[in-house]
Amino acid sequence: MKMFSGRKLLIATMHGKESVIAPILEKHLGVKCIVPSNFDTDFFGTFTGEIERETDPLTTARKKCLMALEYGLADMVLASEGSFGPHPLIPFMPADDEWLFFVDKKNDLEVFAREVSS
């Protein structure tokens, strides 16, 4: 997409998720993905619950994006937030619930996606 082509995109992670996400975004959007150094995503809570999440996963992913933008390395950022627990529609079945949140400050754009799998 021309609106993203040639721009830098931060991936707000500290757990190596860029190895999966970056090649796809670079190929299809024409962006250059970078990861902010010393960015502590566990500050927002851990999917295992060792550090309690203070907000829902979507809000948490958005907060990660906004904090990563403060690094000033790019005006676009993508963050993910996931958890394991009961399936949202079938409570007795375990599920992986993953959220992606994207912010593009230049175009005043925020987009999110959710994937639930058992």
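The coordinates are above.
Predicted, not measured: the structure shown is a model, and the values here were computed from it.

Analysis parameters
- Residues numbered from 1 in each chain as written.
- Predicted model: local features only at pLDDT ≥ 70, side-chain atom pairs only at ≥ 80, totals over all residues.
- Heavy atoms only, no water.
- Helix = DSSP H or I, 4+ residues; strand = E, 2+ residues; numbered from the N terminus.
- Rg over C-alpha atoms; globule rule 2.2 N^0.38 Å.
- Buried < 20%, exposed > 50% of the residue type's maximum accessible area, 1.4 Å probe, protein only.
- Contact = heavy atoms within 4.5 Å.
- Lys, Arg positive; Asp, Glu negative; His and termini not counted.
- Charge placed at Lys NZ, Arg CZ, Asp CG, Glu CD.
- Pairing = 2+ DSSP bridges.
- Axes fitted to C-alpha atoms, helices over the stretch in contact; angles between N-to-C directions.
- Phe/Tyr/Trp six-rings, centres within 6.5 Å; stacked < 30°, edge-to-face > 60°.

Observations regarding the overall build of the protein chain
Broken down by element type, the protein chain carries 2 helices and 5 strands. When the helices and strands of the protein chain are listed from N to C terminus, the series reads β-α-β-α-β-β-β. For the protein chain, the C-alpha radius of gyration of 15 Å lies close to 13 Å, the compact-globule estimate for 118 residues. Principal-axis analysis of the C-alpha atoms places the extent of the protein chain at approximately 45 × 25 × 25 Å. Across the 118 residues of the protein chain, 38% fall into the buried class. Taking the contacts inside the protein chain whose residues are at least 6 apart along the sequence as the reference set, 53% of them involve residues at least 24 apart. Positive and negative side-chain charges in the protein chain, numbering 13 and 18 respectively, have mean positions lying 9 Å apart.

So, the sheet that holds strand E1 (residues 8-12)
Pairing in this open sheet of 5 strands is mixed, and the strands run E2-E1-E3-E4-E5 from one edge to the other. Two strands close off the open sheet at either side, each with one partner strand: strand E2 (32-34) and strand E5 (109-117). Here the strands of the sheet are splayed against their neighbours by 20 degrees on average, with no regard to which way each runs. Across 3 bridges, the pairing between E1 and strand E3 (residues 76-86) is parallel.

Some words on the packing of aromatic side chains
As enumerated under the stated definition, the model contains 3 aromatic pairs in all. Their ring planes at 45 degrees and their centres at 5.8 Å tell us that Trp99 and Phe112 sit as a pair that is tilted. With Trp99 in strand E4 (residues 94-104) and Phe112 in strand E5, this pair connects stretches of sequence that are 13 residues apart. We classify Trp99 as buried; its relative accessible area is 12%. Aromatic side chains Phe101 and Phe112 sit 6.4 Å apart centroid to centroid with 10 degrees between the ring planes, which places their arrangement in the stacked category. One end of the pair, Phe101, is in strand E4; the other, Phe112, is in strand E5, with 11 residues separating them in the sequence. The buried category is assigned to Phe101, whose relative accessible area is 4%. Through a chain of ring-to-ring contacts, three or more aromatic side chains come together here, namely Trp99, Phe101 and Phe112.

Looking at the pairing of E3
For E3, the buried fraction is high: 8 of the 11 residues fall into the buried class. Where E3 meets E4, 11 bridges bridge the pair, whose relative direction is antiparallel. Considered in E4, the bridge of Gly85 is made with Ala95.

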